[in-house]
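Each chain is listed here by its residues.
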Amino acid sequence: MNSVEIKKAAVVGLGNMGGAILSGIVSGGILPTEALSGADKAEACRLKAESLGVKAFSEPSEAVGDADLVILAVKPQSLEALMAEIGEVKKSAVIVSILAGKKISTLEGFFGSDAKIVRVMPNTPALVGVGMSGICRNGNVSDGELAKVVEIFSSFGKASVVGESLMDIVTGISGSGPAYVYMFIDALIKAGVSGGMDEASAKLFAAQTVKGAAEMVLRSDVSPEQLKINVCSPGGTTIEAVKVLEEKGFEDVVVQAVGACVEKSKAMGNS
């Protein structure tokens, strides 16, 4: 199948993630607003899209008609209902799905084996411009088309191309990962309050520390394990806290939690 130049794009589903995608396309100057359209049943979501200068419709069929790129940003359980409403999509259009657990083969079942399908797992920090997205494609998608999708999802964070076999673990690590981090931050806040801090101060100290530690990992050439060791001075305070976390099986619990998430993702993909 020939590669198509992506000149027009439609986002179906303008909730938190769909809205973030649309905002990234606009703020990143990836496509002009007149080349964009969106669809959502909720008026509030349509109004947010229109505030960006994007035409928004209540019916998906009104948005996708002449789009070269169609981004499906609805709930996974809404896929069948959406397919009854979406109408005609250009045969040459690239279909991008962020539906958790829905395999490329499932989407090909709806759009055809010759359809250009890209599967993406973003995460909610996309809402503040620091998301992480895993991306895979079927064999009908050209390198140029894939590059455009990567550009879009990089406009509100980072994006990396992986094989589809890794998408369940991407879901477990980054797709669902923010929830685990929020739990850790919340625990730090509670410890701070227990130690006499007011909640607002504890939130600032906890969240900024996690943000800074994450940035250290991204910027450093050494492993997170070594970074941990660097903080743990012999006989110091940090090593006492680390000992407790290790004794309580902190790492094992996280690995088990990710594993449970991965198994659920696999089950959703097979349903």
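If you're wondering where the values come from, they're calculated on a predicted model, not measured in any experiment.

**Quick notes on the sheet that holds strand 2 (residues 36–39)**
- Taken together, eight strands build an open sheet; the order of strands is 3-2-1-4-5-6-7-8 and the sheet is mixed. With partners counted over all chains shown, the strands left at the sheet margins are strand 3 (55–57) and strand 8 (157–161), one partner each. Along the sheet, successive strands turn relative to each other by an average axial angle of 20 degrees, direction set aside.
- Pairing analysis gives five bridges linking strand 7 (residues 131–137) to strand 8, with the strands arranged parallel. Within strand 8, the position partnered with G131 by the bridge is G157.

**Things to note about helix 6 (residues 143–154)**
- The terminal C-alpha atoms of helix 6, which comprises 12 residues, lie 16 Å apart, in line with the 16 Å expected from a rise of 1.5 Å per residue.
- Elements that come into contact with the buried residues of helix 6 comprise helix 1 (16–27), strand 4 (69–72), strand 5 (94–97), strand 6 (116–121), strand 7 and strand 8.

**Considerations on the packing of aromatic side chains**
- Considering all chains together, one arrives at two aromatic pairs under this definition.
- Relative to F156, the ring of F153 lies with its centre 5.5 Å away and its plane at 70 degrees, an arrangement referred to as edge-to-face.
- The class for F156 is buried, based on a relative accessible area of 3%.
- On the basis of an interplanar angle of 55 degrees and a centroid distance of 6.2 Å, the ring pair of F184 and F250 is categorised as tilted. Of the two residues, F184 is situated in helix 8 (residues 177–194) and F250 in helix 12 (residues 250–270); the sequence distance between them amounts to 66 residues.
- When its relative accessible area of 36% is taken as the criterion, F184 is described as partly exposed.
- We classify F250 as partly exposed; its relative accessible area is 40%.

Conventions adopted
Residues numbered from 1 in each chain as written. Predicted model: local features only at pLDDT ≥ 70, side-chain atom pairs only at ≥ 80, totals over all residues. Heavy atoms only, no water. Pairing = 2+ DSSP bridges. Helix = DSSP H or I, 4+ residues; strand = E, 2+ residues; numbered from the N terminus. Axes fitted to C-alpha atoms, helices over the stretch in contact; angles between N-to-C directions. Expected span 1.5 Å × (residues − 1). Contact = heavy atoms within 4.5 Å. Phe/Tyr/Trp six-rings, centres within 6.5 Å; stacked < 30°, edge-to-face > 60°. Buried < 20%, exposed > 50% of the residue type's maximum accessible area, 1.4 Å probe, protein only.

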